[in-house]
Amino acid sequence: DYNKRYRDTVFRNYFNDEARLLSLCNALLGTDAAALKINTLEGTFFDRQKNDISCVVENNFLVLIEHQSTINENMPFRCLSYVAELMNNLIEDKDKLYHKALIRFPAPRFYVFYDGDAKEPLKREMWLSDSFNGDNSALELVVTALNINFGLEQPLLAKCKYLREYSTLVGKVKEGLRAGLTRKEA
């Protein structure tokens, strides 16, 4: 649906700004970091692998953020695919993979921001092990899904003015669409 896709485009464009993304990451992580490096995977014609937004925050955290207007239960697997490529990109000398010394990475964190119309809780977790019938003995990845719909008491919206601004914009557009306006008018 075209009216849902605009949200993803606006979200990615708005948060592909270091100051806004840093504010969002500090609110998510409970940190006071001063710098980050955006490293979002940009898909190419031959390689469709791309994520919405990712960054390294002061070399401590690798943060992956996805926007969704419909919750996708396969997001843990998608994030696994994204983080593998992002971590691989962090290794400048690929020969180090075969050396004895441990390669250190920023700790990954995975988030989904939901602003769809279905009723979803303010916060929930999606687990990769659900794909393995709950067996997490060898591999686990947890994605935190946060409902950022306008008008909800989402604590993160109080912590990050930029996310609150995005939520307000989408909420107002959705109100206009329900009132019969075109997306552009809304």
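All values reported here derive from a predicted model rather than from experimental measurement.

Trainee: For this particular structure, what's the right way to read the overall build of the protein?
Mentor: For the protein, the helix and strand inventory stands at five helices and six strands. Listing the helices and strands of the protein from first to last along the sequence gives α-α-β-β-β-α-β-β-β-α-α. Relative to the 2.2 N^0.38 estimate, which gives 16 Å for 186 residues, the radius of gyration of the protein is 18 Å and therefore close to what a compact globule would have. When its C-alpha atoms are laid out on the principal axes, the protein stretches across 65 × 40 × 35 Å. Taken across its 186 residues, the protein has 40% of its residues classed as buried. Here the contacts in the protein between residues at least 6 apart in sequence split such that 59% fall between residues at least 24 apart. In the protein, the 25 positive side-chain charges and the 26 negative ones have mean positions that sit 3 Å from each other.

Trainee: Looking at this structure, how should I read the packing of aromatic side chains?
Mentor: Aromatic ring pairs are described here by two measures, namely the spacing of the ring centres and the angle between the planes. This model, assessed by the stated rule, comprises five aromatic pairs. Look at F11 and Y166: their rings are 5.4 Å apart centre to centre, the planes differ by 80°, and that puts the pair in the edge-to-face class. With F11 in helix α1 (residues 2-15) and Y166 in helix α5 (residues 161-178), the pair connects residues that are 155 residues apart, well separated along the chain. For F11, a relative accessible area of 0% gives the class buried. Take Y166: its relative accessible area is 2%, and that puts it in the buried class. Put simply, the rings of F11, Y14, F15, F113, Y162 and Y166 pair up and form one aromatic cluster.

Trainee: For this particular structure, what's the right way to read unusual backbone geometry?
Mentor: Most peptide bonds take the trans configuration, and most residues that are not glycine carry a negative phi. Although it is not a glycine, E58 adopts a positive phi angle of roughly 45°. Along the chain, E58 turns up in the loop between β2 (53-57) and β3 (61-68). Judged by its relative accessible area of 39%, E58 is partly exposed. In the Ramachandran plot, N59 falls in the positive-phi region, its phi being about 60° despite a non-glycine side chain.

Trainee: I would appreciate a short explanation of the sheet that holds strand β5 (residues 123-127) in the present structure.
Mentor: Two orientations exist for strands paired in a sheet by backbone hydrogen bonds: parallel and antiparallel. If you trace the six strands from one edge of the open sheet to the other, you get β1-β2-β3-β4-β6-β5, paired in mixed fashion. Across the chains shown, the open sheet's two edge strands, defined by having one partner strand only, are β1 (36-38) and β5. Across the sheet, the mean angle separating the axes of adjacent strands is 25° when strand polarity is ignored. Direction of pairing for β2 relative to β3: antiparallel, over a ladder of five bridges. Following the sheet pairing, S54 is matched in β3 by L64.

Trainee: Could you clarify how one ought to interpret the pattern of salt bridges in this entry?
Mentor: Where charged atoms of side chains with opposite charge meet at close range, the side chains can pair. Overall, the coordinates contain seven salt bridges when judged by the stated rule. R78 is paired through a salt bridge with E66; the nearest N and O atoms lie 3.9 Å apart. Taken together, the positions of R78 in helix α3 (residues 75-90) and E66 in strand β3 put the pair twelve residues apart, joining distant regions of the chain. What makes R78 partly exposed here is its relative accessible area of 29%. Among the charged side chains, a salt-bridge network with shared partners connects D8, R12 and D52.

About the criteria used
- Residues numbered from 1 in each chain as written.
- Predicted model: local features only at pLDDT ≥ 70, side-chain atom pairs only at ≥ 80, totals over all residues.
- Heavy atoms only, no water.
- Helix = DSSP H or I, 4+ residues; strand = E, 2+ residues; numbered from the N terminus.
- Rg over C-alpha atoms; globule rule 2.2 N^0.38 Å.
- Buried < 20%, exposed > 50% of the residue type's maximum accessible area, 1.4 Å probe, protein only.
- Contact = heavy atoms within 4.5 Å.
- Lys, Arg positive; Asp, Glu negative; His and termini not counted.
- Charge placed at Lys NZ, Arg CZ, Asp CG, Glu CD.
- Phe/Tyr/Trp six-rings, centres within 6.5 Å; stacked < 30°, edge-to-face > 60°.
- Pairing = 2+ DSSP bridges.
- Axes fitted to C-alpha atoms, helices over the stretch in contact; angles between N-to-C directions.
- Salt bridge = Lys/Arg side-chain N within 4 Å of Asp/Glu carboxyl O.

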